[in-house]
Amino acid sequence: MNPVLATVMENLWWLFLCCALIALFKLFKPFIKGKLGEFTVLMHVKLYLQDPQYILLNDLTLKDASGTTQIDHVLLSPFGLFVIETKNYTGWIFAGERQKTWTQKIYKQTFKFQNPLHQNYKHVKVLEQVLAEILSPAYIHSLVVFMPAAEFKTAMPAHVFRGASWTDYVKSFQEPVISAMQLKQIQLHLEQAMLEKSWQTNRQHVERLKQRKPVK
């Protein structure tokens, strides 16, 4: 092969590889960001909730009336269950507790996203149904955790936290309401009810979400 042509082909090969990697990164960027946020919450538990009474279940996909729902974390404790929705967002956040959508601003770009309190309310309701014969709904608590890179430009709604501050909220619950035996029963029941963790499960859940009516 002509040396010049060989050099051109070699450079094209690297160009195609770079383009493919960039395309893959853009495709999986939301997934990667989500997993980083979930990993951060896991580290918060290890650092600030070291008591073995706290049991963290991650990435639960449960069946619901419209197909499936995915819960980032459920923290089990003698003091109640804490349903945690993580948001790994950057930029300015404009939020209202009762608003259907919240706003994210990054420089001159504006994005709308579903109110995560409403999103997590649905998660709580699914858990209430799954655990109806085991646990009172009064002992299931909802909270949303944003990463420190998000800066709220409006008053932060109740049960919404930045960084590790959510662990202080959890530790404010001091009265045991769930026995150790009941806690193990809840853990076993959730592990049996959740769908297998796999790429196929995630893909099917995303497809069901696409079929639902979009948030306006």
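A brief report on the enclosed structure follows. Owing to the predicted nature of the structure, the values given are computational and were not obtained by experimental measurement.

The rules behind each value
- Residues numbered from 1 in each chain as written.
- Predicted model: local features only at pLDDT ≥ 70, side-chain atom pairs only at ≥ 80, totals over all residues.
- Heavy atoms only, no water.
- Buried < 20%, exposed > 50% of the residue type's maximum accessible area, 1.4 Å probe, protein only.
- Helix = DSSP H or I, 4+ residues; strand = E, 2+ residues; numbered from the N terminus.
- Pairing = 2+ DSSP bridges.
- Axes fitted to C-alpha atoms, helices over the stretch in contact; angles between N-to-C directions.
- Contact = heavy atoms within 4.5 Å.
- Salt bridge = Lys/Arg side-chain N within 4 Å of Asp/Glu carboxyl O.

Across the 8 residues of strand β3 (residues 80–87), 8 count as buried, placing the element largely inside the fold. Neither face of β3 is exposed, since G80, F82, I84 and T86 on one face and L81, V83, E85 and K87 on the opposite face are all buried. With 5 bridges joining them, strand β2 (residues 67–77) and β3 adopt antiparallel strand pairing. By the bridge assignment for β3, L75 is matched with F82. The loop that links β2 with its antiparallel partner β3 comprises 2 residues.

Read across the sheet, 5 strands follow the order β1-β2-β3-β7-β9 without closing on themselves; strand pairing throughout is mixed. Each edge of the open sheet carries a strand with a single partner, namely β1 (55–64) and β9 (160–162). Across this sheet, the average inter-strand angle for adjacent strands is 35°, counted without regard to direction. Across 7 bridges, β3 lies against strand β7 (residues 140–146) in parallel orientation. Residue T86 lies in a different strand from β7, and its bridge partner there is V145. Docked against the sheet, helix α2 (residues 116–130) engages β1, β2, β3, β7 and β9, running at close to 145° with respect to β3.

Let's shift gears to unusual backbone geometry. If you check the backbone angles, D59 has positive phi at about 55° while not being a glycine. The exposure class assigned to D59 is buried, which follows from its relative accessible area of 15%. If you check the backbone angles, H159 has positive phi at about 70° while not being a glycine. Mapped onto the elements of the fold, H159 is located in the loop between β8 (150–152) and β9.

Now for the side chain of Q187. If you trace the backbone, Q187 turns up in helix α4 (residues 180–193). When near neighbours in sequence (up to four residues on either side) are disregarded, Q187 contacts I55, L57 and L76.

When you tally the buried positions in β2, you get 10 out of 11 residues, the bulk of the element. Of the pairings in the sheet, the one linking β1 to β2 comprises 9 bridges and is antiparallel in character. Within β2, the residue paired with L57 across the bridge is V74. The hairpin formed by β1 and β2 contains 2 residues between the paired strands.

Here the focus is the pattern of salt bridges. Where side chains of opposite charge bring their charged atoms close, a pairing between them can arise. Counting across every chain of the model gives 3 salt bridges. A salt bridge links E85 to K87, with the nearest nitrogen and oxygen atoms 3.2 Å apart. Per residue, the accessibility class of E85 equals that of K87, and both read buried. Close ionic contact of E128 with K125 constitutes a salt bridge, the shortest N to O distance being 3.2 Å. With E128 and K125 both in helix α2, this residue pair falls 3 residues apart, about one helical turn. Judged by its relative accessible area of 18%, E128 falls in the buried class.

Turning our eyes to something else, we now look at the sheet that holds strand β6 (residues 109–114). Sheet strands associate in pairs through backbone hydrogen bonding, adopting either a parallel or an antiparallel arrangement. Taken in spatial order, the 4 strands make up an open sheet running β6-β5-β4-β8, and their pairing is mixed. The open sheet has two edge strands, β6 and β8, and neither has a second partner. In this sheet, adjacent strand axes meet at a mean angle of 30° when their direction is disregarded. Bridge count between strand β4 (residues 91–94) and β8: 3 bridges; the pairing is parallel.

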